Amino acid sequence: MQILVCVKQIPDPASPSSLDPDTSRLVRPPEQVLDDTDRYGIEVGLQLAEQTEGAVTLLSMGPTGTMQGIRQALAMGVGKAVLIDDPALEDSDALTTAKVLAAAARREGFDVLVTGVESTDGYSGVVPQMTAELLGVPALTFARRVEMDGPALRIERQTASGFDVVLSPLPAVLSVTAGAVEPRYPTFRGIMAARSKPVDTLTAADLSVSCDPGQTVVSVAPAPERQAGEVVEDSGTGHLRIVEFLEAARVV
Amino acid sequence: MAVWVFAEATERGPGEPALEVLSKAASHGEAVAVYLGQASGEALAVLGAHGASTVYNLTGGGDLPAAAATAALAELVERESPGAVLFAQTYTSRDVAGRLAARIDRPVISNAVDVAIDDGCTVTTEVFGGTQLVRTAFTGPGPHLVLVRPKSFSAEERGGTVSRVEEYPLPDAGHAGSPQVVDTTVEQAEGPQLGSAKVIISGGRGLGSAEAYSLIESVAEPLGAATGATRAIVDAGWVPYAKQVGQTGKTVKPEVYIACGVSGAMQHLVGMKDSKRIVAINKDPEAPIFSVADLGIVGDVHHVLPRLAETLRSRD
Ligand SMILES: Cc1cc2nc3c(=O)[nH]c(=O)nc-3n(C[C@H](O)[C@H](O)[C@H](O)COP(=O)(O)OP(=O)(O)OC[C@H]3O[C@@H](n4cnc5c(N)ncnc54)[C@H](O)[C@@H]3O)c2cc1C
Ligand SMILES: Cc1cc2nc3c(=O)[nH]c(=O)nc-3n(C[C@H](O)[C@H](O)[C@H](O)COP(=O)(O)OP(=O)(O)OC[C@H]3O[C@@H](n4cnc5c(N)ncnc54)[C@H](O)[C@@H]3O)c2cc1C
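The numbering scheme is per chain: residues are counted from 1 as the chain's sequence reads. Chains carry letters and ligands carry numbers; both start at the beginning, A for chains and 1 for ligands, and go up in the order they are written. Restriction of local features to residues with pLDDT of at least 70 applies here, the model being predicted, together with a cutoff of 80 or more for giving and counting side-chain atom pairs; totals for whole chains, interfaces and linings are based on all residues. Where side-chain values are given, they derive from all heavy atoms of the structure, hydrogens and water being excluded.

We now examine the domain arrangement of chain B. Residue and element names in this part refer to chain B. Domain annotation of chain B identifies domain 1 (3–177) and domain 2 (199–315). For each domain, the first and last residues come from an automatic or database assignment. One C-alpha centre belongs to domain 1, the other to domain 2; they are set 32 Å apart. Residue contacts are defined here by distance: any two heavy atoms, one from each residue, within 4.5 Å place the two residues in contact. Contact residues are listed per partner, giving 9 residues for domain 1 and 8 residues for domain 2. A combined buried area of about 790 Å² lies between domain 1 and domain 2, and 47% of that area is made up of carbon and sulfur atoms. Buried area: the sum, over both parts, of the accessible surface (1.4 Å probe) that disappears when the two are put together. Of all residues in domain 1, Gly 129, Arg 149 and Lys 151 bury the most surface against domain 2, accounting for 61% of the area lost on that side. A carboxyl oxygen of Asp or Glu within 4 Å of a side-chain nitrogen of Lys or Arg is what we treat as a salt bridge. Here domain 1 and domain 2 share 1 salt bridge between them. The salt bridge partner of Lys 273 is Glu 126, with a shortest N-O separation of 2.9 Å. For the purposes of these results, a polar contact is taken to be a pair of N or O atoms within 3.5 Å, where, inside protein, one atom must be able to donate a hydrogen and its partner to accept one; residues adjacent in sequence count only when each atom of the pair is a side-chain atom. Our count for the domain 1 to domain 2 interface comes out at 4 residue pairs in polar contact (both at pLDDT 80 or more). Three categories are distinguished: nonpolar for Ala, Val, Leu, Ile, Met, Phe, Trp, Tyr, Cys and Pro, charged for Asp, Glu, Lys and Arg, and polar for the others, with Gly belonging to the last. Its residues placed into classes, the side of domain 1 that touches domain 2 shows 3 nonpolar, 3 polar and 3 charged.

According to the stated counting rule, one finds 29 salt bridges over all chains in the structure shown. In this structure, Glu 118 of chain A and Arg 94 of chain B form a salt bridge, with 3.5 Å as the shortest nitrogen-oxygen distance. Here Glu 118 of chain A, found in the loop between strand 6 (112–116) and helix 4 (127–135), pairs with Arg 94 of chain B, found in helix 4 (residues 91–104), and the two come from separate chains. For Arg 315 of chain B, the salt bridge goes to Glu 247 of chain A, with nearest N and O atoms at 2.4 Å. On the criterion of chain membership, the pair formed by Arg 315 of chain B in helix 8 (residues 301–315) and Glu 247 of chain A in helix 7 (residues 238–248) is interchain, its members lying in two chains. When a residue's accessible area, from a 1.4 Å probe over protein chains only, is under 20% of the maximum for its type it is buried; when over 50% it is exposed; and in between it is partly exposed. Exposure remark for Glu 247 of chain A: the relative accessible area of 37% places this residue in the partly exposed category. What you see here is one network of salt bridges that share partners, running through Arg 79, Glu 80, Arg 164 and Glu 166 of chain B. Numbering of helices and strands starts at the N terminus; helices are DSSP runs of H or I of at least 4 residues and strands are runs of E of at least 2.

Next up on the list: the site of ligand 2. Residues and elements named next belong to chain B. Residues in contact with ligand 2 amount to 27 residues; listed here are only the nearest, Arg 205, Thr 230, Thr 248, Ser 263 and Gln 267. Here Gly 261 contributes a backbone N or O atom positioned 3.1 Å from an oxygen atom of ligand 2. For ligand 2, whose accessible area on its own is 990 Å², the fraction buried by protein is 83%. Partitioning the shell around ligand 2 into residue classes produces 5 nonpolar, 17 polar and 5 charged. Throughout, near means a residue has at least one heavy atom within 4 Å of the molecule or strand. The accessible surface values rely on the Shrake-Rupley method and a 1.4 Å probe; as for residues, cover is taken only from the protein chains in view.

Here, the term nonpolar core denotes a set of buried Ala, Val, Leu, Ile, Met, Phe, Trp, Tyr and Cys residues that are joined through side-chain atoms within 4.5 Å. Residues Leu 59 and Met 130 of chain A together with Trp 4, Leu 58, Leu 73 and Phe 87 of chain B are the most contacted members of the largest nonpolar core, which totals 58 residues. A per-element tally of this core places helix 3 (residues 94–108) of chain A first, with 9 residues. The residues touching Phe 87 of chain B, leaving out its near neighbours within four places in the chain, are Phe 6, Leu 73, Ser 93, Val 96, Ala 97, Leu 100, Val 146, Leu 147 and Val 148 of chain B. Counting 38 residues, the second-largest nonpolar core is a separate cluster that includes Ile 242 of chain A together with Tyr 241, Val 256 and Ile 281 of chain B.

Right, let's talk about the sheet that holds strand 15 (residues 277–282) of chain B for a bit. By way of backbone hydrogen bonds, the strands of a sheet pair with one another, either parallel or antiparallel. Here, any two strands with at least 2 DSSP bridges between them count as paired. The sheet built from 6 strands is open, its strands ordered 13(A)-16(B)-15(B)-14(B)-12(B)-13(B) with parallel pairing. Each of the sheet's edge strands pairs with one partner strand only, and the pair in question is strand 13 (230–233) of chain A together with strand 13 (226–229) of chain B. For this sheet, the mean inter-axis angle between neighbouring strands, taken without regard to orientation, is 15°. Two strands pair when backbone bridges link them, and strand 15 of chain B and strand 16 (residues 295–298) of chain B are joined in this way by 4 bridges, in the parallel orientation. Bridging from a neighbouring strand, Val 279 of chain B pairs with Leu 295 of chain B of strand 16 of chain B. Sheet strands in contact with helix 7 of chain A are strand 13 of chain A together with strand 14 (256–260), strand 15 and strand 16 of chain B, and its direction is about 170° off that of strand 16 of chain B. Those strands touched by helix 8 of chain B are strand 12 (199–203), strand 14, strand 15 and strand 16 of chain B, and its axis lies near 130° from that of strand 15 of chain B. Here an angle of 0 to 180 degrees is reported between the N-to-C directions of two axes, which are lines fitted to C-alpha atoms, with helices fitted over the stretch in contact.

The subject of this paragraph is the interface of chain A and chain B. Facing the 79 residues of chain A at the interface are 85 residues of chain B. Between chain A and chain B, the buried area comes to about 6800 Å², and carbon and sulfur atoms account for 57% of it. Together, Tyr 123, Glu 133 and Arg 226 of chain A form the three largest contributors to the area buried by chain A at its contact with chain B, with a combined 11%. Linking chain A with chain B are 9 salt bridges, by the criterion used here. We note a salt bridge from Arg 157 of chain A to Asp 95 of chain B, for which the minimum N-O separation is 2.8 Å. Among the secondary structure elements, those contributing two or more residues to the side of chain A that touches chain B are helix 3, helix 4, strand 7 (139–149), strand 8 (152–158), strand 9 (162–168), strand 12 (215–222), strand 13 and helix 7 of chain A. Per-element tally for the side of chain A that touches chain B: the top contributor is helix 7 of chain A, with 9 residues. Of the residues in the side of chain A that touches chain B, the class split is 40 nonpolar, 25 polar and 14 charged. Relative to strand 11 (residues 180–186) of chain B, strand 9 of chain A runs antiparallel, the two being bridged by 6 bridges. Across the sheet, residue Gly 162 of chain A finds its bridge partner in strand 11 of chain B, namely Val 186 of chain B.

All names here are of chain A. Around ligand 1 sit 33 residues in total, of which Cys 6, Lys 8, Met 61, Ser 119 and Ser 124 are the nearest. Here Gly 116 contributes a backbone N or O atom positioned 3.0 Å from an oxygen atom of ligand 1. Contacts to ligand 1 include Gly 125, whose backbone N or O atom sits 2.9 Å from an oxygen atom. The protein chains hide 93% of the 890 Å² of surface that ligand 1 would expose on its own.

The next point concerns the packing of aromatic side chains. How two aromatic rings sit relative to each other is given by the distance of their centres and the angle of their planes. Stacked, edge-to-face and tilted are the three classes for Phe, Tyr and Trp ring pairs, Trp counted by its six-membered ring, which pair at centre distances within 6.5 Å; planes under 30 degrees apart are stacked, over 60 edge-to-face, the rest tilted. A full pass over the atoms with the stated rule returns 4 aromatic pairs over all chains. Aromatic side chains Phe 142 of chain A and Tyr 91 of chain B sit 4.7 Å apart centroid to centroid with 80° between the ring planes, which places their arrangement in the edge-to-face category. Linking Phe 142 of chain A in strand 7 with Tyr 91 of chain B in helix 4, this pair reaches from one chain into another. Its relative accessible area of 16% is what places Tyr 91 of chain B among the buried residues. Summarising the aromatic geometry, the rings of Tyr 56 of chain B and Tyr 168 of chain B are spaced 6.1 Å apart at their centres and angled 65° between planes, so their arrangement reads as edge-to-face.

Along the chain, Gln 244 of chain B turns up in the loop between helix 6 (231–235) and strand 14. Polar side-chain contacts of Gln 244 of chain B include one of 3.1 Å to the side chain of Thr 248 of chain B.

It is worth spelling out the environment of Ala 75 of chain A at this point. Residue and element names in this part refer to chain A. Inspection of the secondary structure assignment puts Ala 75 in helix 2 (residues 68–75). On a C-alpha basis, the gap between Ala 75 and Arg 195 in space is 8.4 Å, while along the polypeptide they are 120 residues apart. Beyond its immediate stretch of four places on either side in the chain, Ala 75 contacts Pro 186, Thr 187, Gly 190, Ile 191 and Ala 194.

With respect to the helices, strands and loops of the structure, Ala 102 of chain B is situated in helix 4. Sequence separation of Ala 102 of chain B and Leu 44 of chain B is 58 residues, and the distance between their C-alpha atoms is 29 Å. Filtering out sequence-adjacent residues up to four positions away, Ala 102 of chain B remains in contact with Leu 95, Met 130, Glu 133 and Leu 134 of chain A.

This is how it looks when you write it as structure tokens:
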């Protein structure tokens, strides 16, 4: 089975982020990390490959930078990576991203295309559905558990009140939630091997995708701040202060 | 130009998030609802009361109707050219919004907390944990597609009725094949709900163990409060996902939100910072949750919560 996993390199969330005042885009340092939520998709991809003697390929669009995030992913055991890095795609919105991923997926061929539910930095959360529509395949979204069931894929799909068990034919797009699986840690051998794994690079022209985001930022302003209130040290009576507060709010 | 609102049916008719968006659309003028699921007379009355004059009712479509609903919606949009189509950011609506954007080749803006529609359409989103507001305008032709975060607007009855209903039966399998739902599990049906409870009490990793979540429940019970959670303890398997509050969980706006052993990460804050009042219990005086709390108790949940439960119970 051919499994594609879509991952994104993002600025390290641990370091402070800012918007470029000219472009209103997130400032992207060359050193980027693997989006933590993508580790779940990679783990699901690797497990499906193990169950089906399949192969896993990464798809990633964005500035390649030092490739630190991609190496992190390859070190987990992924076979190869296809990177789409092109300044022409700099203004990509979710739909342009989906067009790129769909075109790359067609080129590579796939049975399952795995994504996260939403990325940590952009979090528009619609790339998987768009990609599925462009590819004309089912979108198995919000999956919190994934396994093969004969030739079909069986997932638990989160709903507002619980979850549905869904059985789907392949090929399909699969978006997995954080927490769906326990992502493996790269081994020392994996880290060494990652250095020599094949990495292909494509441009927008290779995929015949052009970029017109159809939207523009008109303003960025600080939100009205919520004021911090009273902070008290609990010395055995903190609970009484809470009860008073609840009384004043007329909820008891 | 009419503003359309996509509304998916729930067990109780149109869902609250869709009604919030419909109320907003109606405040701009003519509002049309696209309702996915068999619309009963009661459902139509609710849609009408919240401002829909026309309802396009998409029925059938199998277990996972997003692909089929998208195809039907794309045809309707082509025929009627609405100025904008708004979606509440719930599961199936998100699937349909994403698919529709790809199908009609229009951008969609997600995570909207406000929408201004005049000749154009400008959308407000929050970044950096809600500390910055970004306004984005569509630059291309409509319809403009927007996904709105729940609780961004209030659902208001304006006393109208639906004057036109058109039904569109969907094929059972969409153009994207036919996944099937073989089983459904409800994890949180009973008791006070996060969407409507006046008081919510949430637990985080500071509780220390899955068993300690019972401390949250013992305070919730005498208060009639709904119980919530951070993603950290949902991922750890302590409580079901249906309880998760935050960016990837529910957005809540109760009268009082009580956060216990919750650090106040930006992705949690975006889901609860618009609560009317916030109480936090955390043993770390530097925890970010205190910066949004009206009342902060620097203390141990294992001491404060049992005493709080006891005091509340003894008042009843
Ligand atoms: C030169 C260049 C500069 C860029 N600068 C930025 C920037 O400043 N800020 C920014 O947020 N994005 C940037 N991007 C990336 C791209 O624009 C976003 O990834 C895109 O807008 C997707 O939105 P999202 O993250 O909200 O997707 P979501 O729908 O939230 O993502 C859901 C899932 O889709 C998959 N996915 C999403 N994006 C990608 C991707 N790029 N590659 C592979 N899989 C993906 C992942 O599995 C992810 O978990 C840049 C891209 C290029 C080529
Ligand atoms: C893309 C993305 C989406 C996310 N979406 C969400 C979301 O929807 N909702 C969400 O909640 N998170 C979300 N997160 C995760 C978020 O970033 C935090 O990791 C999470 O909210 C932390 O949960 P916590 O507060 O329970 O745990 P921690 O951050 O570990 O905090 C535990 C707190 O408990 C305190 N504590 C410890 N012991 C005690 C004690 N005995 N008594 C009192 N206090 C104590 C500590 O001081 C600490 O402040 C998301 C993250 C990403 C990347």
